[in-house]
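# Working through the structure, step by step
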Amino acid sequence: MKTVEFFFDYSSPYSYLAATQMEGLAARTGASVLWRPFVLGAVFKAAGNTPPAAVAAKVPYLLKDLQRWASHYDVPFRFASRFPVNAIKALRLTLTAEAQGADKAASVALAAFRALWVEDRDITALPELHAIAAAAGLDAERALREIEDPAIKDRLREYTDGAIRRGAFGAPTFFVGDEMFWGDDRLQFVEAALSVATP
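First things first, this report covers the structure right here in the doc. Bear in mind the structure is a predicted one, so any value in this text is a computation, not a measurement.

## Some thoughts on the pairing of strand 4 (residues 179-182)
- Bridge count between strand 3 (residues 173-176) and strand 4: 4 bridges; the pairing is antiparallel. The residue bridging Phe175 from the neighbouring strand is Met180, located in strand 4.
- Turn length for the strand 3-strand 4 hairpin, with the two strands adjacent in sequence and antiparallel, is 2 residues, and the turn residue Gly177 shows positive phi of about 65°.

Here you go:
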């Protein structure tokens, strides 16, 4: 089956915007989405990149641009009051769901993105992680135990290191086969690549 790998970090508002488009992209192309959490800070460091919000001159434009894209996609958006966010535990929570299938990983990811970028909730807090896990249909108590499992921590490192090896320098990053695309504004090119990809 055709697949697109979607690498994201919850701390990235553009990853949220891209996440809202994955269901439609999959439906139009017949592709499955592989939700790949990674640690954006480590990606930035490896690439020598700088978070856009760390550059003062970019911030006013960034805030307007995010609102433009949210309006374009017709999705709700509110800039998180706790930004920047250390989303490590939420990223690991996605991986506990992944073990139960891509649909569960997607459910956790969408719930966590919504909690942060729509409802302005604190996704670093265990009660919020519990609520996200429960909303996605997970055994929340078990999921919160598993986010401290060394195997889950290792998988997050593997996804992060793997994306870096393949050339990732920011989020969201997409791979269709070996072809890399960066940014929610490149989804048209992701879709074009999927339209010609062989199942």
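## A word on the packing of aromatic side chains
- Tallying each qualifying case throughout the model produces 19 aromatic pairs.
- A ring pair is formed by Phe6 and Phe8, whose centres lie 5.2 Å apart and whose planes are at 40°; its orientation type is tilted. For the pair formed by Phe6 and Phe8, the shared burial category is buried.
- Between Phe6 and Phe174, the ring centres sit 5.3 Å apart and the planes meet at 10°, which makes this aromatic pair stacked. Of the two residues, Phe6 sits in strand 1 (residues 3-8) while Phe174 sits in strand 3, which places them 168 residues apart along the sequence. Phe174 shares its class with Phe6; the two are buried.
- Here a set of aromatic residues connected by ring pairs shows up, and it is made of Phe6, Phe8, Tyr10, Tyr16, Trp35, Phe77, Phe79, Phe83, Phe113, Trp117 and Phe174.
- In this structure, Arg166 packs its charged tip against the face of Phe175, placed 3.8 Å from the ring centre.

## Remarks on unusual backbone geometry
- A cis amide bond links Phe83 with the next residue in sequence, Pro84, at an omega value of 0°.
- Considering the arrangement of structural elements, one finds Pro84 in the loop between helix 4 (59-73) and helix 5 (88-98).
- Here the residue pair Ala171 and Pro172 is connected by a cis peptide bond, since its omega of 0° sits within 30 degrees of zero.
- Positionally, Pro172 belongs in the loop between helix 9 (150-165) and strand 3.
- The backbone phi angle of Asp74 is positive, close to 60°, even though this residue is not glycine.
- Relative to the helices and strands, Asp74 is located in the loop between helix 4 and helix 5.
- Even without being a glycine, Asp120 presents a positive backbone phi close to 55°.
- Given the relative accessible area of 18%, Asp120 is considered buried.

Quick notes on the rules
- Residues numbered from 1 in each chain as written.
- Predicted model: local features only at pLDDT ≥ 70, side-chain atom pairs only at ≥ 80, totals over all residues.
- Heavy atoms only, no water.
- Pairing = 2+ DSSP bridges.
- Helix = DSSP H or I, 4+ residues; strand = E, 2+ residues; numbered from the N terminus.
- Phe/Tyr/Trp six-rings, centres within 6.5 Å; stacked < 30°, edge-to-face > 60°.
- Buried < 20%, exposed > 50% of the residue type's maximum accessible area, 1.4 Å probe, protein only.
- Lys NZ or Arg CZ within 6 Å of the ring centre and 35° of its normal.

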